[in-house]
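# Inside the fold
Read off the chains here:
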Amino acid sequence: MKILITGSNGLLGQKLVEYLESVPEITCIATSRGKRRFQTTASNVVYESMDILQFSHVKRIIEKHQPEVLINTAAMTQADLCEKNKELCYLVNVEAVKKIVEYCGSRDIHFIQLSTDFVFDGKAGPYNENNTPNPVNFYGESKYLAEQIVMNTFCSSTVIRTILVYGITPNMNRSNIVLWVKNKLEKGEQIQVVNDQVRNPTLVEDLVSGCILISIKKKNGIYHIGGKDTLTPYQFACETADFFGLDGSLITPVDARIFTEVAKRPLITGLIIEKAEKELGYQPHSIQAGLALVGQQLKNIQLQ
Ligand SMILES: NC(=O)c1ccc[n+]([C@@H]2O[C@H](COP(=O)([O-])OP(=O)(O)OC[C@H]3O[C@@H](n4cnc5c(N)ncnc54)[C@H](OP(=O)(O)O)[C@@H]3O)[C@@H](O)[C@H]2O)c1
């Protein structure tokens, strides 16, 4: 089996490649903009530089490798940047997806699109796959538009919605809540963390397992892949402090409205994962087990 991954320099992309390195029966075509930012010596991993905005190039790479499955992790992922640059966000998160999924349809390639809890308005979470999206910012809107395109294109395809992903790789291009909290508290800095939003944070390894289960089973439709435990970002920050033996009194709980972020955030989301548990055998880690894995990986990275 061959799986092509877009955005392989990102957090999920790097972790998918890392996992596939240990599965010799699967050839992994890792693609991302520019040079690869991860190490690999595995013979079943091939790297191609590929910008999903350059469609003729995308077609050439797909033709060259003929994958059975394409996992589209590439995206403009920062909500505030999407709000400030809607045109670019639309091109990457919607237009590029449309072209690639249509092409996959014509080549019998199973297409997997990564989406987000931000498609919901956060008024009545947690949500299941049948709830109706109503995004409150442009990032969420772009991802919802892409979902609709994927679902309405004649192509074997899956939309995976995920939520507040955390984890670590040696070459990260952006931080996430666990690493940010740890870093700030280690420096003895005070931090304010939102206590009126609700999420079930996803360990990136669990998201990888969801993507792989879907790639193998080639399930069509929408699947929610989130964490096992539901909590506020403030509670998650306190769990992180406790786990790493840091001073939790430096964390102040606040309401989201005190932040003047460019993009509005949905308040109470959370993704119900029952469908993935029943149909895929998806079994995410608890927050405690997830933090333990990140802690172990941090130690390994520091030793390198
Ligand atoms: N992280 C979360 O909390 C979260 C939550 C819900 C949904 N998701 C979704 O999950 C997916 C993976 O997220 P992630 O956390 O891995 O995000 P990430 O770390 O930001 O990775 C996204 C990758 O996409 C690449 N990319 C952007 N534009 C591209 C283009 N034109 N051509 C090729 N690559 C391009 C970026 O490249 P550069 O590194 O060169 O910028 C980056 O490496 C995304 O679709 C995201 O919307 C993430």
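Let me sum up the structure you'll find in this document. (Residues numbered from 1 in each chain as written. Predicted model: local features only at pLDDT ≥ 70, side-chain atom pairs only at ≥ 80, totals over all residues. Heavy atoms only, no water.)

When helices and strands are counted, the chain shows ten helices and eleven strands. Here the chain has a C-alpha radius of gyration of 19 Å; the compact-globule value for 304 residues is 19 Å, and the two agree. By its C-alpha atoms, the chain is 55 × 45 × 40 Å across when sized along the principal axes. Sequence separation of at least 24 residues holds for 77% of the intrachain contacts in the chain that already meet a minimum separation of 6. As presented, the chain carries roughly 13,800 Å² of accessible surface, and 48% of it is formed by carbon and sulfur atoms. On the chain, the mean spot of the 32 positive side-chain charges and the mean spot of the 32 negative ones are 5 Å from each other. (Helix = DSSP H or I, 4+ residues; strand = E, 2+ residues; numbered from the N terminus. Rg over C-alpha atoms; globule rule 2.2 N^0.38 Å. Contact = heavy atoms within 4.5 Å. Areas by Shrake-Rupley, 256 points an atom, 1.4 Å probe, with all protein chains shown as cover. Lys, Arg positive; Asp, Glu negative; His and termini not counted. Charge placed at Lys NZ, Arg CZ, Asp CG, Glu CD.)

Our focus in this paragraph is the side chain of Ser32. Looking at the secondary structure, you find Ser32 in strand S2 (residues 27-32). Excluding its chain neighbours within four sequence positions, the residues that come into contact with Ser32 are Gly7, Ser8, Asn9, Tyr47, Glu48, Ser49 and Met50.

Taken together, 25 residues are adjacent to the ligand, and Arg33, Arg37, Asp51, Thr77 and Tyr139 come closest. Ala75 places a main-chain nitrogen or oxygen 3.3 Å from an oxygen atom of the ligand. Within the side chain of Tyr139, one N or O atom sits 2.6 Å away from an oxygen atom of the ligand. In isolation the ligand offers 890 Å² of accessible surface; the protein chains occlude 90% of this area. Secondary-structure elements contributing two or more residues to the shell around the ligand are helix H1 (11-21), strand S5 (110-116) and helix H5 (138-152). Per-element accounting of the shell around the ligand gives the leading share, three residues, to S5. Of the residues that constitute the shell around the ligand, the class distribution is twelve nonpolar, eight polar and five charged. (Near = heavy atom within 4 Å. Polar contact = N/O pair within 3.5 Å; in protein donor to acceptor, adjacent residues only side chain to side chain. Nonpolar A, V, L, I, M, F, W, Y, C, P; charged D, E, K, R; others polar.)

Right, let's get into unusual backbone geometry. Trans peptide bonds make up most of the peptide bonds, and negative phi angles are found at most residues other than glycine. Cis peptide bonds are those with omega within 30 degrees of zero, and the linkage from Gly125 to Pro126 qualifies with 0°. Along the chain, Pro126 turns up in the loop between S5 and H5. Positive phi values are uncommon outside glycine, yet Gln66 reaches one of about 45°. Inspection of the secondary structure puts Gln66 in the loop between helix H2 (55-65) and strand S4 (69-72). Residue class for Gln66 comes out exposed when judged on its relative accessible area of 54%. (Buried < 20%, exposed > 50% of the residue type's maximum accessible area, 1.4 Å probe, protein only.)

This part is about the packing of aromatic side chains. Tallied over the full model, the rule gives six aromatic pairs. Relative to Tyr127, the ring of Phe120 has its centre 4.0 Å away and its plane inclined at 5°; by these criteria the two rings are stacked. Pair check on accessibility: Phe120 and Tyr127 agree, each one buried. Centroid distance Phe243 to Phe244: 5.0 Å. Interplanar angle 90°. Geometry classified as edge-to-face. In this structure Phe243 comes out as partly exposed when scored by relative accessible area, which is 32%. The side chain of Arg36 reaches across the aromatic face of Phe38, ending 5.9 Å from its centre. (Phe/Tyr/Trp six-rings, centres within 6.5 Å; stacked < 30°, edge-to-face > 60°. Lys NZ or Arg CZ within 6 Å of the ring centre and 35° of its normal.)

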